[in-house]
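# Summary of the model geometry
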Amino acid sequence: MLYIGSHISSSKGYAAMGRQAIKLGASTFAFFTRNPRGGKAKEIRETDVRKYLEIAEEQKFGPIVAHAPYTLNACAAKEDLRVFARETMADDLQRMEYIPGNYYNFHPGSHVGQGAEIGIEKIAEVLNDVLLPEQTTTVLLETMAGKGSEVGRSFEELRAILDRVKLQEKMGVCLDTCHVWDAGYDIVHDLDGVLQEFDRVIGLNRLKAIHINDSMNPLGAHKDRHEKIGQGHIGMDAFVRIINHPALCHLPFVLETPNDDDGWAQEIAMLRAEYTQ
Ligand code: FE
Ligand code: FE
Ligand code: ZN
């Protein structure tokens, strides 16, 4: 069973997301917990969530991967921005408990000139403030392309954050194929080597989800411009190896490619046709 899907708009609630996933042929998906640029989250209606949970069970969806607003910066230099990141994440995690046992992915942050070490400390500080022993959600650090002063541009930086978190069992990693490629990990010519490196530095047991995106730029470009599957520098052959790799094939794959719904439905069908596990 290949768990694959795309980003889905959360503006019409949970049941609508479930129905949209079915329409796209998806078996997992991602959604923004609130406007991706931040702001207040929509109220959750219990009947809507219940309906969604029925759909998810019926359709045998894999775990879904909520995405924090990409404006959050847990290691901002300004205190009020870090407070905003902490309050937003705490609120999101509370809301995630309506759909228990799923994933909440976030971009670790940008150190904005403070240096990666300080960034790492501040990100871990926020995580230690918001994680709760009773939560059922696993929080995922996303691998980053290393544009600007992004933290999480190497497996070592992610490991350094994880090492500082007290509730280790609540944490995992989401690997973005465009980002690791742009960061300089050659998943095209040496997928096994990259995964061995991930295992050595972080541990493959911590890898919980994949953002499956092609890249507009060559290896190591540190740019982060997503391309449609098979139309960028990573290329279709590499994606066939990625979805079928024994260390990855059971994970949820989420498309963040520049597409409309038809484009996503096509990419989902195209990747399903190449799944041989
Ligand atoms: Fe992301
Ligand atoms: Fe991503
Ligand atoms: Zn990206």
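Placed above this text is the structure.
Let me sum up the structure you'll find in this document. Everything numeric in this text was worked out from a predicted model, so none of it was measured. Residue numbers run consecutively from 1 along every chain, following the written order of its sequence. Whichever chain is written first is A, and whichever ligand is written first is 1; the rest continue in order. Given that the model is predicted, a residue must reach a pLDDT of at least 70 before its local features are reported, and side-chain atom pairs must reach 80 or more before they are shown or counted; all residues, however, enter totals for whole chains, interfaces and linings. Neither water nor hydrogens contribute to the side-chain values; these are computed over all heavy atoms in the structure.

## Comments concerning the coordination of the iron ion (ligand 2)
Our working definition: Coordinating donors are taken to be N, O and S atoms lying within 2.8 Å of the metal, or within 3.2 Å when the metal is Na, K or Ca; because water is excluded from the atom set, some sites may appear incomplete. In this scheme the shape depends on donor count and angles: four donors with every angle between 85 and 135 degrees give tetrahedral, four or six donors with opposite pairs above 155 degrees and others between 65 and 115 give square planar or octahedral in turn, and any other case is irregular. Secondary structure counts use DSSP, requiring at least four H or I residues in a row for a helix and at least two E residues in a row for a strand, with both numbered from the N terminus. Throughout this description, buried means an accessible area under 20% of the type-specific maximum (1.4 Å probe, protein chains only), exposed means over 50%, and partly exposed covers the range between.
Of the protein atoms, only Glu142 (OE), Asp176 (OD), His211 (ND1) and Glu256 (OE) coordinate the iron ion (ligand 2), at distances of 2.0 to 2.2 Å. Metal-centred angles of 84 to 175 degrees between the four donor atoms at the iron ion (ligand 2) mark the site as irregular. Counting the intervening residues between successive donors of the iron ion (ligand 2) yields the motif E-x33-D-x34-H-x44-E. Separating the iron ion (ligand 2) from the iron ion (ligand 1) is a gap of 3.1 Å, which glutamate 142 spans by donating to each of them. Placement of glutamate 142 in strand E6 (residues 138-142) and of aspartate 176 in strand E8 (residues 171-176) is noted, with a sequence separation of 34 residues between them. The exposure class assigned to aspartate 176 is buried, which follows from its relative accessible area of 0%.

## Focus on the environment of alanine 273
Mapping alanine 273 onto the fold places it in helix H9 (residues 261-273). Separated by 33 residues in sequence, alanine 273 and valine 240 place their C-alpha atoms 9.7 Å apart.

## Comments concerning the coordination of the zinc ion (ligand 3)
Listed as protein donors to the zinc ion (ligand 3) are His179 (NE2), Asp224 (OD) and His226 (NE2); their distances from the metal cover 1.9 to 2.2 Å. In the primary structure, the donors to the zinc ion (ligand 3) are separated according to the pattern H-x44-D-x1-H. The distance between the zinc ion (ligand 3) and the iron ion (ligand 1) is 5.4 Å. With respect to class, aspartate 224 is no different from histidine 226; both count as buried.

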